[in-house]
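Below, each chain spelled out in residue letters.
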Amino acid sequence: MHCIIILRITSVILFLASGVAANAQIKVNINNGPVQAYSKYNAKPTKRLGKNRLYLQEKVWLRKGDWLVAKAGTRFSRPVSIDVYDRVSKKYVSTDEDTVLLSANVYKHRSEVNFQANRTDTFDILFNINYKNELAESDKMVTDSYGSYSGELDTVSIDYTIAILKNDWQPGDTSWNFQQRLSYICNNWTAGFSTIPKTYDTKELDKYKRILQYYPTNPVSIDNRMGVSLMAFSHGSKLVYFMYSQEVPYAEAKKLYDELAAKLKVATDKFEVSNLSDMKRINELATTYFKLKIPEEKKPFEFFLFGDAGKGFQYLPINLFLYGTKQMAKVLVVVGEPDSDIYDIGW
């Protein structure tokens with residue numbers, strides 16, 4: 001969403017002040033940042049919209065200038081549409097009817113709508129889906145890839161994420177400590193990185209006919225020696241925060257890797273050092289998998305995460321790689337991808 005306006009710097013001071021507390025408690029705080037987001041799963045629309053549509057409704061309070069991003073997906077072969085309704089004008093002010101079909105994804109369809117509030121008020125979000133009051137196949141046994149089941153009323157459910165990018169929050173000065181930087185990144189992950197102002201390479205789009213990665217307008221890395229891009233994974237259905245150093249002599253890269261490993265161990269909840277003797281990846285010199293415990297409602301709907309962190313919680317993966325040879329190497333940090341296979345990343 002590279003069209004997002006450049007936000008004001010006013011609450012950076014507030015963020016830095018709250019960062020003192022975050023630093024004191026050492027762990028990453030995913031609430032430190034410009035995004036307010038939550039997700040719901042297996043939500044069943046019950047209200048009727050016209051003759052053949054059902055919908056469910058969410059109310060959101062926005063300040064003037066805030067950006068709203070609402071995303072939804074369905075595992076059923078029926079597209080889901082999203083509408084933003086203005087109660088004052090009594091009009092739909094933003095609509096996504098162009099649902100994307102994801103044949104190679106857990107979600108059959110995916111939709112996303114963006115809206116910038118023109119005043120401070122409450123707005124309605126409607127997630128609606130085509131519906132017919134009939135049996136799924138018939139009243140006899142039906143067999144599919146999940147096994148056999150009896151025909152039943154064709155009810156559908158929707159998974160969705162709602163995110164608000166605060167208008168009065170701008171990372172203009174990112175001379176933060178490690179916890180503040182990682183908190184900001186993980187806070188943006190709760191929106192699936194969809195609210196980050198970003199651009200993309202038009203030449204790359206012309207060549208590959210799809211966007212492979214985005215570049216944040218205001219990149220924030222966990223270390224000043226690293227660059228940032230947003231990699232498009234799962235056939236472009238989700239974004240992964242990807243940080244990378246330049247290729248430098250091995251000793252220099254190993255020093256950075258060890259520094260980041262020590263900081264991530266303190267900032268996260270769990271870690272696992274990969275046994276490279278079991279791996280077949282070329283040029284993978286060292287890997288550590290870190291996990292940050294987060295409430296399940298903070299997980300963007302399009303992300304599939306391995307690792308149950310207890311009732312109502314899951315683990316956000318933050319993975320660290322040392323990649324190259326004993327002569328030259330680079331350091332990679334990937335936020336949001338549980339496998340984090342270097343080949344998938346494209347390195």
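Above this text is the structure in question.
Here's a quick rundown of the structure. This structure is a prediction, so every number in the text was calculated from the model and none was measured.

Across its full length, the protein chain holds five helices and 21 strands. Expressed as a percentage of its 347 residues, the buried residues of the protein chain come to 51%. Looking at the protein chain alone, contacts between residues at least 24 apart form 68% of all its contacts between residues at least 6 apart. Approximately 17,000 Å² of the protein chain is accessible, and the part contributed by carbon and sulfur atoms is 51%.

Taken together, five strands build an open sheet; the order of strands is 2-3-9-5-6 and the sheet is antiparallel. Each end of this open sheet is capped by a strand with a single partner; those strands are strand 2 (47-49) and strand 6 (91-96). Across the sheet, the mean angle separating the axes of adjacent strands is 40° when strand polarity is ignored.

Time to look at unusual backbone geometry. With a phi angle near 55°, lysine 90 is a residue other than glycine that sits in the positive phi range. Along the chain, lysine 90 turns up in the loop between strand 5 (80-86) and strand 6. By relative accessible area, which is 64% here, lysine 90 ends up exposed.

Right, let's talk about helix 4 (residues 250-267) for a bit. Taking 1.5 Å per residue as the helical rise, helix 4 with its 18 residues ought to reach 26 Å, and the 26 Å between its terminal C-alpha atoms agrees with that figure. Regarding helix 4, the residues found buried are Ala253, Leu256, Tyr257, Leu260, Ala261, Leu264 and Ala267. Taken down its axis, helix 4 places every buried residue within 140° of arc, on the same side. Every exposed residue of helix 4 that faces more than 90 degrees away from the buried side is listed here: Ala251 and Lys255.

This part covers the pattern of salt bridges. Tallying each qualifying case throughout the model produces 12 salt bridges. Arginine 110 is paired through a salt bridge with glutamate 302; the nearest N and O atoms lie 3.6 Å apart. Pair noted here: arginine 110 is in strand 8 (residues 109-116) and glutamate 302 is in the loop between strand 19 (284-295) and strand 20 (313-324), with a separation of 192 residues, a long-range link. Residue arginine 110 shares its accessibility class with glutamate 302, and that shared class is buried. Connected through salt bridges with shared partners, the residues Lys71, Arg110, Glu112 and Glu302 form a single ionic network.

Take the side chain of threonine 287 next. Summarising the element assignment, threonine 287 is placed in strand 19. The residues touching threonine 287, leaving out its near neighbours within four places in the chain, are Tyr257, Glu272, Val273, Ser274, Leu276, Leu320 and Phe321.

Once that is clear, we can look at the pairing of strand 20. Here strand 20 lies mainly inside the structure; 11 of its 12 residues are buried. Note: strand 19 against strand 20, 11 bridges, orientation antiparallel. Of the residues in strand 20, the one forming a bridge with lysine 293 is tyrosine 315. Connecting strand 20 to the next strand, strand 21 (residues 328-335), in antiparallel fashion are three residues.

Structurally, the position occupied by aspartate 173 is in the loop between strand 12 (158-165) and helix 2 (178-189). Sequence separation of aspartate 173 and valine 220 is 47 residues, and the distance between their C-alpha atoms is 9.9 Å.

Turning our eyes to something else, we now look at the packing of aromatic side chains. Two descriptors summarise a pair of aromatic rings, namely the distance from one centre to the other and the angle between the planes of the rings. A full pass over the atoms with the stated rule returns 11 aromatic pairs. Judged by centre distance (5.2 Å) and plane angle (65°), the ring pair of tyrosine 85 and tyrosine 92 falls under edge-to-face. Residue tyrosine 92 is classed as partly exposed on the basis of its relative accessible area, which comes to 44%. Here the aromatic residues Trp169, Trp176 and Tyr184 are joined through ring pairs into a cluster of three or more. Over the face of the ring belonging to tyrosine 214 we find lysine 198, whose NZ or CZ atom lies 5.8 Å from the ring centre. It is lysine 293 that lies over the ring of phenylalanine 313; its NZ or CZ is 4.8 Å from the centre.

Taken N-terminus to C-terminus, the directions of helix 2 and helix 4 make an angle of 70°; their axes are 11 Å apart at the nearest point. Comparing their axes, helix 4 and helix 2 come out roughly perpendicular. Considering the relative orientation of helix 2 and helix 4, their crossing is right-handed. Residues Phe178, Gln179 and Leu182 of helix 2 pack against Leu260, Lys263, Leu264 and Ala267 of helix 4.

Reading the values: rules and limits
- Just so you know, the residues in each chain are numbered from 1, in the order the chain's sequence is written.
- The predicted origin of the model limits local features to residues at a pLDDT of at least 70 and limits the giving and counting of side-chain atom pairs to 80 or more, whereas totals for whole chains, interfaces and linings rest on all residues.
- Side-chain numbers here rest on the full set of heavy atoms in the structure, without hydrogens or water.
- Only runs of H or I of at least four residues qualify as helices and only runs of E of at least two qualify as strands under DSSP, and these elements are numbered from the N terminus.
- Residue exposure (1.4 Å probe, protein chains only): buried if accessible area is under 20% of the type maximum, exposed if over 50%, otherwise partly exposed.
- Note on definitions: a residue-residue contact is assigned when non-hydrogen atoms from the two residues lie within 4.5 Å.
- In these tables, accessible area is a Shrake-Rupley quantity obtained with a 1.4 Å probe, and a residue counts as shielded only by the protein chains included in the view.
- Only strands joined by at least two bridges in the DSSP assignment are considered to pair.
- In this analysis, axes come from line fits to C-alpha atoms, helices being fitted only over the stretch in contact, and the angle between any two N-to-C directions falls in the range 0 to 180 degrees.
- The span one expects for a helix is its residue count, reduced by one, times 1.5 Å.
- In this description, the arc belongs to the directions extending from the helix axis to the C-beta atoms.
- Here, a salt bridge means any side-chain nitrogen of Lys or Arg that lies within 4 Å of a carboxyl oxygen of Asp or Glu.
- Here a Phe, Tyr or Trp ring, Trp counted by its six-membered ring, pairs with any other such ring whose centre lies within 6.5 Å, and the pair is stacked when the planes are under 30 degrees apart, edge-to-face when over 60, and tilted otherwise.
- Any Lys NZ or Arg CZ that is within 6 Å of a ring centre and within 35 degrees of that ring's normal is treated as a charge sitting over the ring.
- The labels follow the angle: roughly parallel below 35 degrees, roughly antiparallel above 145, roughly perpendicular from 65 to 115, and oblique for the rest.
- Should the near helix be turned counterclockwise from the far one by less than a right angle, the crossing is left-handed, whereas a clockwise turn marks it as right-handed.

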